[in-house]
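Overview (structure and organization)
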Amino acid sequence: MGPAISARGVVKSFGQLRVLDELTLNIPRGVTYCLLGPNGSGKTTLIRAIVGLLKLDAGDLKVLGTPVSRVQEIYSKIGYMTQHKALYPDLTLQENLEFFAGLYGIGKQEREQRIVELLKMVNLQDLRRRLAGALSGGMYQRLSLACTLIHEPELLLLDEPTVGVDPRLRQTFWEYFERLASDGKTVLITTHLMDEAEKCRIVGYMKAGKMTAVGSPDDIKRQAGLKPHLELWLKDLEGDCARLRSEGYEIEILDGVASLRLESHEQIKSVLEIVSPLDMRLKEPMLEEAFLQLSEAA
Amino acid sequence: MIQVSLSRIGVVALRVVRQLKRDRRTIGLIAFAPIVLMVLFGYALSGEMSGVALGLVDEGGHPALRSHLEGIEDFGILRLGSESDAELLISQGRLNGAVVLQPEEVRVLLDASSLQISQAILAAAQSGAQEEAASLQKPGVVITRYLFGYDLEMMDTVGPAILGLVVFFFTFINAAISFIRERSQGTLEKFMVSPLSRVEIVLGYVLGFSLFTLLQSTTTLLVVTFGFKVPMRGNPLTALAVVLLLGAGALVLGSFLSNFARSEFQVVQFIPLIITPQIVLCGVWWPMQSIPEFIRPISYMLPLTYAGDALREVMLKGSSLTEILFPDLLALTVFFLVFFAAATLMLKRQMY
Ligand SMILES: Nc1ncnc2c1ncn2[C@@H]1O[C@H](COP(=O)(O)OP(=O)(O)O)[C@@H](O)[C@H]1O
Ligand SMILES: [Mg+2]
């Protein structure tokens, strides 16, 4: 089986504005893929192009092996959660779920089972008879996610699904997405939040309609050439630093703390053979810095 | 490639019903708006019907009788060329009766459906003929013929039209607002990425709203026939069929026009454009013949013109489904089909 999504040279403009700019992207099946990028970078537009809501100006786009021009044929395999959180506020949670289940022709028994399971996952099981319009923003979001998952789609496209969801529940979401991925489903999530990206198997960084960096979070940091730093509090700052430098280490001194760039974590041991610090702290590089570096380079 | 699944249409219809059912204000409007309108229009317009519209075909011989009739203040006299003209106008409900003057005899044509007015016309003709006979010293012959026309009670013409108007108005506004919401909530975009087709969406709405149209029409018909004593000479199911077809037309028109409004507020601004002309030009409050000729083509494009006519035919004359097929049902069907196509096409245009 080919990739879940493959895009080559995809272009989409709105008037003068080139929102997707020769974008190339490959998403294998069975992964959680995070599409990360600042607001306005074209994430929503890319998702809308994937589901066939936009006419592309150029490029080649395949979804689950089907060309995007015939994507309608596989709509029952796609779960699409819009940024709007499409729901009916004047229906109850149960009625909303029943409606979306009905669109996919899910039988009554299976439907009930799915509804119970999904409401539990989004932690709304006690509010089944409540009107959706009475839910708080985060709850509304969670119900929308449940409605999107009701037909067990093979490909999930979630546009900013965790906005307004509290961190603990977010963790539950991510675990659920991870489980879906290990069942062979593909989950594409857009976000502008860096910490969410860290949780995905693959992160694609999008800027001005282009993918500027793609890989696992660790890959990305490596690509950007970012290394962990060891911060050392030393008794004899000047002397210890001179000794370390003579061994070939790069050191910066900031506010009386020595910051030493590591090529790998194994180096920590050899550093400790040279000096014995009063205290020390390991600083891992941030994904954010990696993206900044990579997108400046691009 | 258009695929239609009855089960998906049913799912959309069920959802529409659940939403409408929950909306107390709408339910109240469905039940009470027709009654309020009927009382308002019924009484506000009842004063206009005091006069008796009498046709006069004068083929000579009775100047005294003619001036007697012309002298009666309550009678509005319309001079006609032939007896068949008079018959036609009576059967259309535009005249209460007619008097045909011929040298040998006098014929009085009366509308069987309004006995009180018929009695008044007959009495006037007879007393005029008697006076004339007395002065001419020869017996006057007055022959009476009853025709089947409309009872010209104001409520009788207005009632069926109000039924049509209320259904049209309610369905149009609610459908337009619903489609605006589908768009602003993002649910429409979600449909676009689901097995639900555009045709199924619109048909689901038609089905869901039809249930409410039935409810509304039934209550309105009960009020009209029992409360306001408007006759129901035809089959009530035929009347319901007309109203359902009208409601379906209003729904697809509302769906189509929702594309040109950004908010529910803007939908309300369509009312003067869509609803008012129908009230004014549908030929209920003012007969079609009194509408200036250059505007009349518009009248013939409005669904309420045909629905009003069909309902009057069924309720007042007892016409059957086949008798109102042309032009009324045909016109309503064409209206529905045109805007059904337009509404579904516009749903597609959301994808640019
Ligand atoms: N339908 C549209 N018409 C015109 N401009 C659009 C349309 N959709 C998106 N855009 C523009 O495209 C850019 C990218 O938008 P979007 O894909 O929503 O970004 P993101 O989801 O990453 O925040 C924005 O500048 C936005 O204004
Ligand atoms: Mg977006």
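Residues numbered from 1 in each chain as written. Chains lettered and ligands numbered in written order. Predicted model: local features only at pLDDT ≥ 70, side-chain atom pairs only at ≥ 80, totals over all residues. Heavy atoms only, no water.

Helix and strand counts for chain B come out as 14 helices and 5 strands. Projected onto its principal axes, the C-alpha positions of chain B cover 90 × 35 × 35 Å. Every one of the 352 residues in chain B was classed for burial, and the buried ones make up 53%. Of the contacts made within chain B by residues no fewer than 6 positions apart, 76% connect residues no fewer than 24 positions apart. As displayed, chain B has an accessible area near 15900 Å², and 64% of this comes from carbon and sulfur atoms. A distance of 20 Å separates the average location of the 25 positive side-chain charges in chain B from that of its 27 negative side-chain charges. (Helix = DSSP H or I, 4+ residues; strand = E, 2+ residues; numbered from the N terminus. Buried < 20%, exposed > 50% of the residue type's maximum accessible area, 1.4 Å probe, protein only. Contact = heavy atoms within 4.5 Å. Areas by Shrake-Rupley, 256 points an atom, 1.4 Å probe, with all protein chains shown as cover. Lys, Arg positive; Asp, Glu negative; His and termini not counted. Charge placed at Lys NZ, Arg CZ, Asp CG, Glu CD.)

All names here are of chain A. What the 4 strands build is an open sheet, ordered E12-E13-E11-E14; its pairing is antiparallel. A single partner strand is all that each edge strand has here, and the edge strands are strand E12 (251-254) and strand E14 (279-283). Going across the sheet, the axis of each strand differs from the next one's by a mean of 25°, ignoring polarity. Helix-sheet contacts for helix H8 (residues 237-246) involve strand E11 (229-233), E12 and strand E13 (257-261), and the interaxial angle to E12 is about 160°. (Pairing = 2+ DSSP bridges. Axes fitted to C-alpha atoms, helices over the stretch in contact; angles between N-to-C directions.)

Here the magnesium ion (ligand 2) is held by the protein donor atoms Thr44 of chain A (OG1) and Gln83 of chain A (OE1), which lie 2.0 to 2.4 Å from it. Of this pair, Thr44 of chain A sits in helix H1 (residues 43-50) while Gln83 of chain A sits in the loop between strand E6 (78-81) and helix H2 (93-103); the two residues are 39 residues apart in sequence, bridging distant segments of the chain. (Donors = N, O, S within 2.8 Å, 3.2 Å for Na, K, Ca; no water.)

A word on the sheet that holds strand E8 (residues 186-191) of chain A. All names here are of chain A. The 6 strands lie next to each other as E6-E7-E8-E3-E9-E10, forming an open sheet whose pairing is mixed. Every other strand in the sheet has two partners, leaving E6 and strand E10 (210-215) as the edge strands with one partner each. Averaged over all pairs of adjacent strands, the angle between their axes in this sheet comes to 15°, without regard to strand direction. Taken together, the 4 bridges between E6 and strand E7 (residues 155-159) define a ladder with parallel strand orientation. The partner of Tyr80 across the bridge, within E7, is Leu157. Its contacts with the sheet put helix H4 (residues 137-149) on E6 and E7, and the angle it makes with E6 is roughly 165°. Against the sheet, helix H5 (residues 167-182) touches strand E3 (32-36), E7 and E8, its axis set at about 145° to E8.

A few words on the packing of aromatic side chains. Counted under the stated rule, the structure contains 14 aromatic pairs over all chains. The side chain of Arg15 of chain B reaches across the aromatic face of Phe99 of chain A, ending 4.9 Å from its centre. (Phe/Tyr/Trp six-rings, centres within 6.5 Å; stacked < 30°, edge-to-face > 60°. Lys NZ or Arg CZ within 6 Å of the ring centre and 35° of its normal.)

Glancing now at the packing of H2 of chain A against helix H3 (residues 108-121) of chain A. For any two helices packed against each other, the geometry is given by the interaxial angle and the distance between the axes. All names here are of chain A. Running from N to C, H2 and H3 cross one another at 125°; their axes reach a closest spacing of 10 Å. Taken together, the axis directions place H2 and H3 in an arrangement best described as oblique. Considering the relative orientation of H2 and H3, their crossing is right-handed. Only Arg111, Glu112, Ile115 and Leu119 of H3 make contact with H2, whose side of the interface consists of Leu93, Gln94, Leu97, Glu98 and Ala101. (Parallel < 35°, antiparallel > 145°, perpendicular 65-115°, else oblique. Left-handed = near helix turned anticlockwise from the far one by under 90°.)

Ranked by internal contacts, the top residues of the largest apolar core, which has 166 residues, are Ile78, Leu157 and Phe177 of chain A together with Phe172 of chain B. Ignoring anything within four residues of it in the chain, the contact list for Phe172 of chain B reads Ala250, Leu253, Gly254, Leu257, Phe270, Ile274 and Ile275 of chain B. Leu56, Leu101, Val108 and Leu110 of chain B belong to the second largest nonpolar core, which has 15 residues in total. (Core = buried A, V, L, I, M, F, W, Y, C linked by side-chain atoms within 4.5 Å.)

Turning to the packing of helix H13 (residues 303-317) of chain B against helix H14 (residues 325-348) of chain B, a few remarks are in order. Residue and element names in this part refer to chain B. For the pair H13 and H14, the least separation of the axes is 9 Å and the interaxial angle reads 145°. The two elements H13 and H14 meet at a crossing, and its hand is left-handed. Contact residues: Pro303, Tyr306, Ala307, Asp309 and Ala310 in H13; Pro327, Asp328, Ala331, Leu332 and Phe335 in H14. Tallied by class, residues from the contact of H13 with H14 come to 8 nonpolar, no polar and 2 charged. (Nonpolar A, V, L, I, M, F, W, Y, C, P; charged D, E, K, R; others polar.)

With that out of the way, let us pick up the domain arrangement of chain A. Domain boundaries assigned for chain A yield domain 1 (5-215) and domain 2 (229-285). Put simply, the middle of domain 1 of chain A and the middle of domain 2 of chain A, counted by C-alpha atoms, are 45 Å apart. (Domains from an automatic or database assignment.)

Turning to the site of ligand 1, a few remarks are in order. The full set close to ligand 1 counts 12 residues, and Gly40, Gly42, Lys43, Thr44 and Thr45 of chain A are the nearest of them. Chains contributing residues to the immediate surroundings of ligand 1 are chains A and B. Between ligand 1 and Ser41 of chain A, the relevant distance is 3.2 Å, taken from an oxygen atom to a main-chain nitrogen or oxygen of the residue. Measuring from an oxygen atom of ligand 1, one finds a backbone N or O atom of Lys43 of chain A at 2.9 Å. Contact with the protein chains removes 66% of the 560 Å² of surface that ligand 1 exposes when unbound. Residue assignment for the shell around ligand 1 shows that the elements contributing at least two residues are strand E2 (17-27) and H1 of chain A. When residues in the shell around ligand 1 are grouped by element, the largest group, 3 residues, is from H1 of chain A. Along the lines of polarity and charge, the residues of the shell around ligand 1 split into 5 nonpolar, 6 polar and 1 charged. (Near = heavy atom within 4 Å. Polar contact = N/O pair within 3.5 Å; in protein donor to acceptor, adjacent residues only side chain to side chain.)

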